[in-house]
Amino acid sequence: MLEKKEHNYEKAVLVGLITQHQDEEKLLEYMDELEFLAFTAGATVQKRFTQKLTQPDSKTFIGSGKAIEIKEYVKENEIGTVIFDDELSPSQLKNLEREMEVKILDRTNLILDIFAQRAQTSYARTQVELAQYQYLLPRLTRMWTHLERQKGGIGMRGPGETEIETDRRIIRDRITLLKDKLKTIDRQMATQRNNRGKVVRAALVGYTNVGKSTLMNSLSKSEVFAENKLFATLDTTVRKVVIGNLPFLLTDTVGFIRKLPTQLVESFKSTLDEVREADLLIHVVDISHESFEDHIESVNHILMEINAHQKPMIMVFNKIDDFSYEKKDEDDLTPGTKRNISLEEWEKTWMAKSKYPTVFISALTKENFPEMKKMIYDEVMKIHISRFPYNDFLFEYFDNDDEENKN
């Protein structure tokens with residue numbers, strides 16, 4: 001259970017739809033994720049509202065009856081924010097704010113807000129600012145009256161009140177300026193990548209909050225920021241790693257997520273270039289999360305979108321120390337579910353069906369680390385030999401940690 005200090009958090013409610021394309025079980029997964037996003041942004045969720053519709057209502061997304069129900073709850077319980085699980089159109093936002101008279105956020109705005117909090121470097125801040133302006137442009141009037149009434153909070157970080165009060169032409173000029181700035185930085189970063197020479201480049205990829213940064217710290221013996229929150233890492237980090245006296249570069253990239261806003265995919269082009277130009281992908285998966293297979297599918301989909309899906313890959317199932325399952329009684333004849341599958345059964349399943357080298361580890365306790373390091377070494381060595389076919393005899397695998405323990 002997440003610890004929440006009430007006085008530091010905005011009170012919020014969540015709203016989601018059950019449709020012909022999204023059943024109740026799928027919505028529950030999305031709402032759990034949305035609650036974690038809200039917590040990461042600084043909100044405490046008081047209640048969830050769901051509505052069953054064939055398709056979203058064009059005026060209020062959820063229908064006028066449900067909107068009135070939420071409005072009454074919000075007023076009675078002094079809720080300041082209503083968060084919707086899908087992206088709302090400008091007209092839906094306007095109608096909902098007029099109806100409920102509180103701050104209305106959608107998933108896109110919430111993710112943009114978290115990115116605004118997490119951006120540390122000038123480059124990351126520029127990327128986030130561009131994505132925010134692209135989101136703001138069609139919602140300019142809505143956001144201005146919103147800011148005048150709310151004066152800050154979740155979803156309000158980033159471009160300030162003075163920018164939002166200006167007209168659309170100035171916002172468009174700002175977008176053009178930011179795009180030009182990013183093009184310049186992209187060229188500089190491309191040069192940096194070229195200057196790294198022929199050293200093999202590996203990139204950690206995966207869903208957000210699967211333990212990529214913890215794994216990065218363990219492999220590179222560095223201190224990359226790691227936290228049990230979504231998008232803890234936003235800025236790309238590159239470290240030199242040596243396994244069995246074979247050096248290579250390891251990149252920790254921003255985590256992926258379902259329903260990733262298109263503005264962010266466009267803005268974070270250079271970050272995704274690190275993945276696109278890597279020689280080897282290390283796909284990290286949180287095996288303790290009950291939706292881990294959906295997460296794998298989401299990551300693979302984004303890899304396909306950026307044309308990085310055919311690269312050599314290693315599947316690393318992390319957090320085995322946190323894995324749990326419900327063991328069925330021998331006389332229980334009801335059909336089993338995913339919750340009844342043991343870690344050993346998952347291992348057998350994925351070892352058999354994965355076309356990539358696969359290992360199950362704990363980045364925290366370092367369980368099965370030697371197997372994973374040997375696997376990474378073998379894959380990096382294959383790429384290294386293809387580039388330097390005459391000096392492969394220089395490298396013979398040994399475990400650095402074993403060597404350190406002997407001394």
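For every chain, the first residue of its written sequence is number 1, and the numbers climb from 1 along that sequence. A pLDDT threshold of at least 70 governs which residues receive local features in this predicted model, and a stricter bar of 80 or more applies before side-chain atom pairs are shown or counted, although totals over entire chains, interfaces and linings include all residues. Hydrogens and water molecules were not included; the side-chain quantities draw on all heavy atoms of the structure.

Under an unreviewed UniProt entry, the name given to the protein is GTPase HflX, and the source organism is Chryseobacterium rhizosphaerae. In the Function (unreviewed entry) part of its UniProt record, the protein is described as follows: "GTPase that associates with the 50S ribosomal subunit and may have a role during protein synthesis or ribosome biogenesis." In the Cofactor (unreviewed entry) part of its UniProt record, the protein is described as follows: "Mg(2+)". UniProt positions are given in the numbering used here, feature names are shortened, and annotations may be inferred rather than shown by experiment.

Observations concerning unusual backbone geometry
With a phi angle near 60°, Asn 245 is a residue other than glycine that sits in the positive phi range. Going along the chain from the N terminus, every DSSP run of H or I of four or more residues is numbered as a helix, and every run of E of two or more is numbered as a strand. Within the element layout of this structure, Asn 245 appears in the loop between β6 (237-243) and β7 (246-252). Here the term buried applies to any residue with accessible area under 20% of the maximum for its type, exposed to any over 50%, and partly exposed to those in between, with areas from a 1.4 Å probe on protein chains only. Under the relative-accessibility criterion, Asn 245 is labelled partly exposed at 30%. The backbone of Asn 368 shows a phi angle near 65°, a positive value even though the residue is not glycine.

Let's talk about the pairing of strand β4 (residues 103-106)
By the alternation rule, side chains of β4 split into Lys 103 and Leu 105 and Ile 104 and Asp 106, which are all buried. Only strands that DSSP links by at least two bridges are regarded as paired with each other. By the bridge criterion, 4 bridges tie strand β3 (residues 81-84) to β4 in an arrangement that is parallel. Along β4, the bridge assignment pairs Thr 81 with Lys 103. A crossover connection joins β3 to the parallel β4 through helix α3 (residues 90-100); in handedness this β-α-β unit is right-handed. Viewed with both strands pointing away, a crossover whose connecting path from the first strand over the helix to the second turns clockwise is right-handed.

Focus on the sheet that holds strand β1 (residues 10-18)
Strand order in this open sheet of 4 strands is β2-β1-β3-β4, and the pairing throughout is parallel. With one partner strand each, in any of the chains shown, β2 (43-52) and β4 form the two edges of the open sheet. Between one strand axis and the next, the sheet turns through 25° on average, direction left out of account. Bridge count for β1 against β2 is 9 bridges, and the pairing is parallel. Paired with Val 15 across the strands is Phe 49, a residue of β2. Sheet contacts for α3: β3 and β4; angle to β4, the most-contacted strand, approximately 145°. Sheet contacts for helix α4 (residues 107-118): β3 and β4; angle to β4, the most-contacted strand, approximately 90°. In this analysis an axis means a line fitted to C-alpha atoms, helices contributing only their contacting stretch, and an angle means the value between N-to-C directions, from 0 to 180 degrees. We call two residues in contact when some of their heavy atoms are within 4.5 Å.

Quick notes on helix α9 (residues 212-220)
Within α9, 8 of the 9 residues are buried, which leaves it mostly tucked inside the rest of the structure. Among the residues of α9, those classed as buried are Lys 212, Ser 213, Leu 215, Met 216, Asn 217, Ser 218, Leu 219 and Ser 220. Residues of α9 that are buried make contact with β5 (201-206), β6, β7, β8 (280-286), β9 (313-318) and α14 (369-387). Count one or two residues on from α9 and you reach Lys 221, which has phi positive near 55°.

Some thoughts on the sheet that holds β6
Spatially, β6-β7-β5-β8-β9-β10 is the arrangement adopted by the 6 strands of the open sheet, whose pairing is mixed. Because the sheet does not close on itself, it has two edges, and the strands there are β6 and β10 (358-360). Mean inter-strand twist for the sheet, computed between neighbouring axes without regard to direction, equals 25°. Pairing geometry for β5 and β7, over 4 bridges, is parallel. What sits directly across from Leu 204, in β7, is Asp 252. Across the face of the sheet, α9 comes into contact with β5, β6, β7, β8 and β9 while running at roughly 45° to β6. The sheet contacts of helix α12 (residues 292-305) involve β5, β8 and β9, and relative to β8 the element is tilted by about 155°.

A look at the pattern of salt bridges
In the sections that follow, a salt bridge refers to a side-chain nitrogen of Lys or Arg positioned within 4 Å of a carboxyl oxygen of Asp or Glu. Using the criterion set out here, one finds 13 salt bridges in the structure. Measuring nitrogen to oxygen at the nearest pair gives 3.0 Å for the salt bridge that ties Arg 107 to Asp 85. Residue Arg 107 is located in helix α4, and its partner Asp 85 is located in the loop between β3 and α3; the two are separated by 22 residues in the primary sequence. In this structure, Arg 107 and Asp 85 share a single accessibility class: buried.

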